[in-house]
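Examining the three-dimensional arrangement
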Amino acid sequence: MKKEFLDLRRQPIANKFLKEDEISDEFFFDLKVVFDEDTKLVSMKDFVKPELMFNEDYKYNTSLSTPMVNHFKSVAQMLTEEFQPVNVMEIGSNDGPFIRHFDPETSVCVEPCGNFAEVTDDMGYKTYADFWNKELSQKIKSECGYMDLIYSANCICHIQDLDECFAAVKNILSENGVFVFEDPSLLRMLERGSYDQIYDEHAHIFSVTALNNILINNGLTIFRVDNLSVHGGSNRIYVARNRPVEFSVAENKQREYDFGINNFQTYEIFAERVRKSKKDLVELLTKLKGEGKRVVSIGATSKSTTVFNYCDIGESLIECITDTTPDKQGLLAPGSHIPVVDRESVNLNDYDYAFLGAWNFKDVIANKEREFVENGGKFITHVPEVMVFS
Ligand code: TMP
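Residues numbered from 1 in each chain as written. Predicted model: local features only at pLDDT ≥ 70, side-chain atom pairs only at ≥ 80, totals over all residues. Heavy atoms only, no water.

**A few points about the packing of helix H7 (residues 208-217) against helix H8 (residues 247-259)**
Interaxial distance between H7 and H8 falls to 8 Å at its minimum, and their mutual angle equals 120 degrees. As judged from the angle between their axes, H7 and H8 are oblique. Across the interface between the two elements, Val208, Thr209 and Asn212 of H7 pack against Val249, Asn252, Lys253 and Glu256 of H8. (Axes fitted to C-alpha atoms, helices over the stretch in contact; angles between N-to-C directions. Helix = DSSP H or I, 4+ residues; strand = E, 2+ residues; numbered from the N terminus. Parallel < 35°, antiparallel > 145°, perpendicular 65-115°, else oblique. Contact = heavy atoms within 4.5 Å.)

**Side note on the nonpolar core**
Counting 52 residues, the largest nonpolar core has Phe5, Leu6, Leu8, Leu281 and Ile380 as the members making the most contacts within it. For this core, the secondary-structure elements that each account for two or more residues are strand E1 (2-12), strand E2 (28-36), strand E3 (42-44), helix H6 (186-192), helix H9 (264-290), helix H10 (302-310) and strand E15 (353-356). Both domain 1 (41-261) and domain 2 (280-389) contribute no fewer than three residues apiece to this core. Once you skip the residues sitting within four places of it in the chain, phenylalanine 5 turns out to touch Val33, Val34, Phe35, Val42, Phe264, Tyr267, Phe270 and Ala271. (Core = buried A, V, L, I, M, F, W, Y, C linked by side-chain atoms within 4.5 Å. Buried < 20%, exposed > 50% of the residue type's maximum accessible area, 1.4 Å probe, protein only. Domains from an automatic or database assignment.)

**Things to note about the environment of leucine 356**
Relative to the assigned elements, leucine 356 resides in strand E15. Look at leucine 356 and you get buried, because its relative accessible area is 1%. Between the C-alpha atoms of leucine 356 and serine 304, which are 52 residues apart in sequence, the distance is 8.6 Å. Once residues lying within four places of it in the same chain are set aside, the contact partners of leucine 356 are Ile298, Lys362, Ile365, Phe379, Ile380, Thr381 and Phe389.

**A short note on the sheet that holds strand E11 (residues 234-240)**
Taken in spatial order, the seven strands make up an open sheet running E6-E5-E4-E7-E8-E11-E10, and their pairing is mixed. The strands lining the two open edges of the sheet, one partner per strand, are strand E6 (126-128) and strand E10 (221-228). Each strand axis lies, on average, 15 degrees off the axis of its neighbour in the sheet, ignoring direction. Direction of pairing for strand E8 (residues 173-184) relative to E11: antiparallel, over a ladder of six bridges. (Pairing = 2+ DSSP bridges.)

**Overview of the domain arrangement of the protein chain**
Domain assignment breaks the protein chain into domain 1 (41-261) and domain 2 (280-389). Using only C-alpha atoms to locate each centre, domain 1 and domain 2 end up separated by 30 Å. At the interface, 15 residues of domain 1 touch 18 residues of domain 2. By the criterion of area lost to domain 2, the three top residues of domain 1 are Lys59, Tyr195 and Asp196, representing 42% of everything that side buries. Our count for the domain 1 to domain 2 interface comes out at zero salt bridges. On inspection of domain 1 and its partner domain 2, the count reaches three residue pairs in polar contact (both at pLDDT 80 or more). Within the side of domain 1 that touches domain 2, the residues separate by chemical class into five nonpolar, six polar and four charged. (Buried area = accessible area lost by both parts, 1.4 Å probe. Salt bridge = Lys/Arg side-chain N within 4 Å of Asp/Glu carboxyl O. Polar contact = N/O pair within 3.5 Å; in protein donor to acceptor, adjacent residues only side chain to side chain. Nonpolar A, V, L, I, M, F, W, Y, C, P; charged D, E, K, R; others polar.)

Next comes the structure, spelled out in C-alpha cells:
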C-alpha cells in the first residue's frame with residue numbers, strides 16, 4: 001500500500017527552460033510523494049509522461065561538467081579493470097562521457113533524448129534513441145547479443161515501471177554479466193533534508209532496501225554497494241544473477257534500517273523538516289529584500305526548480321541565476337521564470353548573497369568564487385538547513 005507523506009505543490013518540468021513566449025503554455029503537475037509499505041520504495045504519486053521530460057530539448061550536457069566528466073572516466077576505468085567486459089551497454093548515455101572510454105565496435109548506447117543520441121551516434125557508437133523497456137532489450141539482444149556490462153547513471157530512477165526495467169536488463173545480461181547503476185540515495189536525502197532531489201524526472205528515490213526487494217522479485221541480486229558523494233550523495237549498485245553478496249550490502253541495509261527508512265513515521269518527520277526549510281528560506285530572502293540586499297543564484301539546476309516552485313520564490317527575491325551551460329543561458333527558469341544568465345556576464349560583486357542552486361558543487365563553486373567572498377559576499381544554502389556562510 002502506498003502512503004502519501006509530502007506535497008511539493010505545483011511544479012513545472014524541472015529542466016524545461018523557457019523563452020518568454022512559452023510561458024503561457026508551460027506544463028505544471030502536482031508533485032506529491034509516497035512511501036510503499038510493501039517494497040519500501042519512495043516514489044512520486046503521479047508520474048509525468050516521459051516524453052514531456054526526455055526529448056531533443058533536454059538541457060543537461062554531462063560533458064560540460066568537469067567533475068562529472070572526471071567521475072565517469074574513473075568509473076569506466078574501474079569497471080573495465082575489474083570485470084573486463086566485451087559487450088558494454090549504457091542506458092541513458094547522454095552526450096557520452098562514460099561510453100567514450102569503451103570500444104565503439106562492442107558498445108551500445110540507449111538514449112531517448114534525440115539531441116544526445118545524435119552525439120554518441122556521431123562518435124561511432126550504435127545508439128538506440130528510445131526508452132528502455134523489454135521490447136527494446138529484445139531488439140538490441142537480437143542485433144548486438146548479450147551484454148557483459150550494463151551501466152546507467154542517474155537514469156534508472158527515472159524509469160517508472162521498475163519491474164519492466166529490471167526484467168529488460170535480465171533479458172540481455174550475459175550469464176556472468178554485471179549491471180551497475182548509480183542514483184541519488186534516499187538515506188542521504190533524508191539525512192540532509194535535501195528534498196530538492198525530488199522533481200519530475202526522479203520517479204523514485206532509491207534505498208538499497210527497496211531496490212533489493214524489487215530486484216530479488218525479478219531474479220537479480222545486489223552484490224555490492226558503493227556510497228558516492230556525487231549529486232549530493234548517491235549509491236552505486238552492483239547487480240548480477242548470482243555472485244557472492246559482499247558485506248557492503250548488509251551494511252547499507254542496516255544503516256537504512258537504523259535510520260528508520262522502513263517506518264512511515266520517518267517520512268512524516270522528514271516532511272515536517274521540509275516545511276520548516278521552506279519557511280526559513282522564504283523568511284530569510286524576504287528579510288534580505290527588506291534590507292535592500294541583492295541575491296543571485298548559482299546553478300540553474302533541476303533541484304532548484306523544486307525549491308523555487310515549492311517556496312514560491314521568483315525574480316523579486318532572487319534576481320537571476322547564473323549557469324555555465326550555454327543552452328540554459330538567456331532563458332527563464334521553469335515555473336519561477338527567474339532569468340538564467342551566463343556566469344561571465346555577471347559581476348558577482350554587485351550582489352550581496354549567492355544562493356547555491358547547485359549546492360552539491362558547493363566546494364567547487366566556493367573555490368571558484370573566492371573573490372566574491374573576499375569582497376564580503378555570502379552564500380545561502382538550504383542543505384542541511386537554511387543558513388548563510390562565507
Ligand atoms: P546538477 O546539480 O544537476 O549536476 O547541475 C549542475 C548545474 O549547475 C549545471 O547546469 C551546471 C551548473 N553549474 C554552474 O553554473 N557553475 C558551477 O560552478 C557548477 C559546478 C555547475
